[in-house]
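Letter by letter, the chains look like this.
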Amino acid sequence: MKKLMYAAFIVIIFSACKDTASENAMLKQQREIDSMKVVMKEKEEALAKQRTIDSMNAVVAAAEAKAAQASANKTAAPVTAAQKKKGWSNTAKGAVIGAGAGAITGAAVSKKKGEGAIIGGLAGAAVGAGTGAIIDDSKKKKEKQ
């Protein structure tokens, strides 16, 4: 029985002793592989960014070439007022701004909030459109001079 106990004890001791050197080597190798993967991923991302930049530069260069060709083919045509005008007129801007300010003021002042907002918005739009029309007229007069 004693021999059996000694044998079991020896088996337990040998099985408890691990080869930590080989495990450490495996861990070190795995860390190196992981770091190499990270570096490769960073390089791939950098290449993808560079490809995007290159394609954007190519698009810009093509657009510039097309514009240069169009300007070379185009004769000097007078620019009309319709070609210059872009966006909202001052009348439209004034009407929208006036409507918003009038609606807020009407809702704040009136006991009936919805009704006050509607009336204030309409009045504000009228005043804003009038002011914008005056600004548009003055700009037209400046352009003619």
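Computed from a predicted model, the values in this text were never measured in an experiment.

Chemist: So what exactly am I meant to see when it comes to a nonpolar patch on the surface here?
Modeler: A cluster of nonpolar side chains, contributed by Met1, Leu4 and Met5, occupies part of the molecular surface with about 420 Å² of accessible area. Its location among the elements puts Met5 in helix H1 (residues 2–16).

Chemist: Sorry if this is basic, but what is going on with helix H4 (residues 90–109) here?
Modeler: Spacing of three or four residues puts side chains on the same side of an α-helix, whose turn is 3.6 residues. Between the first and last C-alpha of H4 there are 28 Å, a value that for 20 residues agrees with the 28 Å anticipated at 1.5 Å per step. When H4 is considered as a whole, its buried residues turn out to be Asn90, Gly94, Gly98, Gly102 and Gly106. Viewed along the axis of H4, the buried residues span an arc of 105 degrees, placing them on a single side of the element. Opposite the packed face of H4, turned more than 90 degrees from it, sit the exposed residues Ile97, Ile104 and Ala108.

Chemist: Teacher, can you tell me more about the confidence of the model for the protein chain here?
Modeler: Any segment with low pLDDT has predicted coordinates that should not be analysed in fine detail. When pLDDT is averaged across the protein chain, the result is 82; 87% of the residues are at 70 or more. Per-element averaging of pLDDT across the protein chain places helix H3 (residues 81–84) at the bottom with 59 and H4 at the top with 90.

Chemist: Would you mind going over helix H5 (residues 113–144) with me for this structure?
Modeler: With 32 residues, H5 should cover 46 Å at 1.5 Å per step; its first-to-last C-alpha distance of 46 Å lies within 8% of that length. Buried residues belonging to H5 abut H4.

Chemist: Could you clarify how one ought to interpret the packing of H4 against H5 in this entry?
Modeler: Packed helices, taken two at a time, are described by the angle between their axes plus the distance between the axes. Closest axis-to-axis distance for the H4/H5 pair is 5 Å, and the angle between their directions is 155 degrees. Relative to H5, H4 is oriented roughly antiparallel. Between H4 and H5 the crossing geometry is right-handed. Grouping the constituent residues of the contact of H4 with H5 by class yields ten nonpolar, twelve polar and three charged.

What counts, and where the lines are drawn
- Residues numbered from 1 in each chain as written.
- Predicted model: local features only at pLDDT ≥ 70, side-chain atom pairs only at ≥ 80, totals over all residues.
- Heavy atoms only, no water.
- Patch = residues over 30% accessible without salt bridge, like charges linked within 9 Å, V, L, I, M, F, W, Y side chains within 5 Å.
- Areas by Shrake-Rupley, 256 points an atom, 1.4 Å probe, with all protein chains shown as cover.
- Salt bridge = Lys/Arg side-chain N within 4 Å of Asp/Glu carboxyl O.
- Helix = DSSP H or I, 4+ residues; strand = E, 2+ residues; numbered from the N terminus.
- Expected span 1.5 Å × (residues − 1).
- Buried < 20%, exposed > 50% of the residue type's maximum accessible area, 1.4 Å probe, protein only.
- Arc of directions from axis to C-beta.
- pLDDT = per-residue confidence, 0-100.
- Contact = heavy atoms within 4.5 Å.
- Axes fitted to C-alpha atoms, helices over the stretch in contact; angles between N-to-C directions.
- Parallel < 35°, antiparallel > 145°, perpendicular 65-115°, else oblique.
- Left-handed = near helix turned anticlockwise from the far one by under 90°.
- Nonpolar A, V, L, I, M, F, W, Y, C, P; charged D, E, K, R; others polar.

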